[in-house]
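Analysis of the macromolecular model
The lines below spell out each chain.
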Amino acid sequence: MDNKKSDIGLIGLAVMGENLALNMESKNWQVSVYNRTVIGVEEGVVDRFVNGRAKGKNVQGFTEIKDFVESLAAPRKIMMMVRAGSAVDELMDQLFPLLSAGDILIDGGNSNYEDTNRRVELSESKGFLFVGSGVSGGEEGALNGASIMPGGSANAWSQVKPILQSIAAKTSDGTPCCEWVGPAGSGHFVKMIHNGIEYGDMQLIAEAYWMMKNLLSVDHEEIASIFAGWNEGKLRSYLIEITANILKHKDKSGDYLVDKILDAAGQKGTGKWSVINAMELGMPLGLIATAVFERSLSSQKALRETASHSYKHGHLQAVYNKPELVKDVHSALYASKLVSYAQGFAVLQKASDAFGWNLNLSSIARMWRGGCIIRSVFLNDIAAAFEAKEKPEHLLLAPYFKEEMRQLLPGWKNLVAAAVREELPVPAFSSALNYFYSLVSEKLPANMVQAQRDYFGAHTFERTDNLRGVFFHENWTGHGGDTKSGTYNV
Ligand code: NBP
């Protein structure tokens, strides 16, 4: 290796950092790497990497952050792949005194977008540039091509674009799954919603599997082949593909491993953040919320065991007609997935309007077509819907999806009805169906909610026989006063 300055520096040699560094090197970038030295580890993390997976490659390792920074060509580009939260701030505090004006920090971890808003401002106030970039695709994506969602200091884009696009996944037409998202923390916001959608997709697939397992006389191989079949059609996606593989996978004793995995799901926070932020924006994101809550309920395993003994429940009709049920499950899965994406993109649009980000929803849909966990063919249809001359007010109002929903609705209804009848939980399928019914209802019982709010708290209401924006208060009991509460919404 020569002593020329490196094109990019990478901090944090855990699973993501190591693989991203190797990916960059394989695209002919010279890479410097740094990891804080961990006391107690015999061979330092940096040495282990440089003498192991990176041996003989164009990668320089550093155990002193100052040497690492000095090894980089100007303007320096430093990608941080460390645990989200205070670790990023601590690192920035160490880096700032070592940087020169115009240097670029890239945070590729799963940082909270509000932290990124703050870090962009702070970095720019010191004369540096900051890019908050979502990176999706896990270990495999990091090594072979991830979906990368950068946002922040716009002036940084032309400088980091060649590197980030080179390590991004490419779609079949060669388009890199990496485009500039927008200002401030928008890249991390988009990644957060991506992860929320991932929670939803996984819950929906789990419910599809559960219905077939419980209501059909089929073994794992057969359910796997049903998923594999779906993977050839409109549901073609990474998560459907791996579900088929998981179902067929046997452990050393020859048993299907999935049957031995405890039904208590974990979570690391991005699903929860999606829901919290949707609530902050006043937007419905019920399917992802249901998926997050269902993971929480699943983890209350002991309570569920006790409750299952207290309430006897079971299936009425042992076995359903296979082709019919499979078709209905497919309809429920596809339609619910559409609802979930419609909700997710509506939250992105709302955030874009609220924060002045000017997000390009079709570009985001295209970025998610490869490399990331939710990659699927139907993101092409979503991108096309947002690219249409007449932008749909809501994804489910795009002409193509309107027709799809019309065709899927009967099977979706059948499936949810069968689940209710058979006392099987399908919280995400039914949440999606109820959202759909509410969405397409010109009238909802919210008039009653408004009446109750006004009755007990003088919160006021609008009237159907007056203009929107004009608020009334009724003296419901005859002994209340005329004083109204404020009519703000939070
Ligand atoms: P982890 O999230 O487990 O982070 C470990 C890395 O952070 C190590 O290099 C560690 O150094 C470093 N670190 C910590 Br912890 N505190 C530090 C500090 N105060 N200063 C400097 N370095 C510090 O690793 P990961 O799973 O590779 O993920 C990296 C980032 O990418 C995270 O934000 C994660 O959420 C995100 N992400 C992960 C995946 C995935 O599939 N794993 C996918 C997409 C995004 P040490 O060795 O000295 O402890």
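Just so we're clear, the structure is a prediction, and the values are computed from it rather than from any experiment.

Description of the overall build of the protein chain
Secondary structure assignment for the protein chain yields 19 helices and seven strands. Its C-alpha atoms give the protein chain a radius of gyration of 26 Å, within 12% of the compact-globule value 23 Å for 490 residues. Seen through its principal axes, the protein chain has C-alpha atoms that stretch 80 × 70 × 50 Å. At a minimum sequence separation of 6, the contacts of the protein chain that also span at least 24 residues come to 69%. Both charge centroids of the protein chain, one from 49 positive and one from 55 negative side chains, sit 2 Å from each other.

Structural notes on the site of the ligand
In the vicinity of the ligand there are 19 residues, among which Met16, Asn35, Arg36, Val82 and Glu90 approach most closely. Backbone polar atom of Arg83 to an oxygen atom of the ligand: 3.2 Å apart, as the coordinates give it. At 3.0 Å from an oxygen atom of the ligand is found a main-chain nitrogen or oxygen belonging to Asn110. When isolated, the ligand has an accessible area of 910 Å², and the protein chains bury 77% of it. Mapped onto the shell around the ligand, the elements with two or more residues apiece are α1 (15-26) and α4 (86-95). Broken down by element, the residue count for the shell around the ligand peaks at three residues, all from α4. Its residues placed into classes, the shell around the ligand shows 11 nonpolar, five polar and three charged.

Focus: α4
Helical geometry: 3.6 residues make up each α-helical turn, so side chains three or four residues apart lie on a common side. Turning to α4, its buried residues are Val88, Leu91, Met92 and Leu95. Taken end-on, α4 shows its buried residues confined to a sector of 100°, consistent with a single buried face. Looking at the buried side of α4, the elements it contacts are β1 (8-11), α3 (65-70), β4 (77-80), β5 (104-107), α5 (113-125) and β6 (129-136).

Quick notes on the packing of helix α8 (residues 186-215) against helix α12 (residues 286-299)
In the contact formed by α8 and α12, the axes pass within 8 Å of each other and the chain directions differ by 70°. Between α8 and α12, the interaxial angle falls into the category roughly perpendicular. Note on packing geometry: the crossing formed by α8 with α12 is left-handed. Seen from α8, the contacting residues are Gly196, Ile197, Tyr199, Gly200, Met202, Gln203 and Leu204; seen from α12, they are Leu287, Ile288, Ala291, Val292, Glu294 and Arg295.

Considerations on the packing of helix α17 (residues 399-421) against helix α18 (residues 427-439)
One can describe the packing of α17 onto α18 by two numbers: an axis separation of 11 Å at closest approach and a directional angle of 130°. As far as their axial angle goes, α18 and α17 are oblique. Crossing handedness for the pair α17 and α18: left-handed. Note on element contacts: α18 touches α17 through Phe429, Ser430, Ala432, Leu433, Phe436 and Tyr437, opposite Met405, Leu409, Trp412, Lys413, Leu415 and Val416. Taken together, the residues of the contact of α17 with α18 break down into 10 nonpolar, one polar and one charged.

Section: the pattern of salt bridges
Within this structure, the stated rule accounts for 20 salt bridges. Between Glu70 and Lys66 there is a salt bridge, with the nearest N and O atoms lying 3.0 Å from each other. Of the two residues, Glu70 and Lys66 both sit in helix α3, four residues apart, roughly one turn of that helix. With its nearest N and O atoms 3.0 Å apart, the salt bridge here joins Lys234 to Glu404.

Overview of the side chain of Ser376
Tracing the chain through its elements places Ser376 in the loop between α15 (361-367) and α16 (378-387). Filtering out sequence-adjacent residues up to four positions away, Ser376 remains in contact with Arg236, Ser237, Lys337, Trp368 and Arg369.

Topic: a nonpolar patch on the surface
On the surface, Tyr437, Leu439 and Val440 cluster together into a nonpolar patch covering about 250 Å² of accessible area. Of note, Leu439 is situated in helix α18. Relative accessible area serves as the criterion here: at 35%, Leu439 is assigned to the partly exposed category.

Comments concerning the nonpolar core
Core analysis: the biggest nonpolar cluster contains 88 residues, and Phe227, Trp230 and Trp368 have the highest contact counts within it. Looking at this core element by element, the count peaks at 15 residues for helix α14 (residues 322-355). No fewer than three residues from each of domain 1 (8-184) and domain 2 (191-439) sit in this core. The next biggest cluster of nonpolar side chains, apart from the first, holds 34 residues, and it includes Val31, Val59, Met79 and Ile106.

What about the sheet that holds β1?
An order of β3-β2-β1-β4-β5-β6-β7 is seen for the seven strands of this open sheet, with the pairing classed as mixed. Strands at the two margins of the open sheet, each flanked by one partner only, are β3 (59-62) and β7 (147-152). Averaged over all pairs of adjacent strands, the angle between their axes in this sheet comes to 25°, without regard to strand direction. Note that strand β2 (residues 31-34) and β3 share four bridges and pair parallel. Pairing of Ser32 across the sheet is with Gln60, part of β3.

Comments concerning the domain arrangement of the protein chain
When its domains are assigned, the protein chain resolves into domain 1 (8-184), domain 2 (191-439) and domain 3 (443-490). Placing a centre on the C-alpha atoms of domain 1 and another on those of domain 3 gives a separation of 53 Å.

Criteria and thresholds
- Residues numbered from 1 in each chain as written.
- Predicted model: local features only at pLDDT ≥ 70, side-chain atom pairs only at ≥ 80, totals over all residues.
- Heavy atoms only, no water.
- Helix = DSSP H or I, 4+ residues; strand = E, 2+ residues; numbered from the N terminus.
- Rg over C-alpha atoms; globule rule 2.2 N^0.38 Å.
- Contact = heavy atoms within 4.5 Å.
- Lys, Arg positive; Asp, Glu negative; His and termini not counted.
- Charge placed at Lys NZ, Arg CZ, Asp CG, Glu CD.
- Near = heavy atom within 4 Å.
- Polar contact = N/O pair within 3.5 Å; in protein donor to acceptor, adjacent residues only side chain to side chain.
- Areas by Shrake-Rupley, 256 points an atom, 1.4 Å probe, with all protein chains shown as cover.
- Nonpolar A, V, L, I, M, F, W, Y, C, P; charged D, E, K, R; others polar.
- Buried < 20%, exposed > 50% of the residue type's maximum accessible area, 1.4 Å probe, protein only.
- Arc of directions from axis to C-beta.
- Axes fitted to C-alpha atoms, helices over the stretch in contact; angles between N-to-C directions.
- Parallel < 35°, antiparallel > 145°, perpendicular 65-115°, else oblique.
- Left-handed = near helix turned anticlockwise from the far one by under 90°.
- Salt bridge = Lys/Arg side-chain N within 4 Å of Asp/Glu carboxyl O.
- Patch = residues over 30% accessible without salt bridge, like charges linked within 9 Å, V, L, I, M, F, W, Y side chains within 5 Å.
- Core = buried A, V, L, I, M, F, W, Y, C linked by side-chain atoms within 4.5 Å.
- Domains from an automatic or database assignment.
- Pairing = 2+ DSSP bridges.

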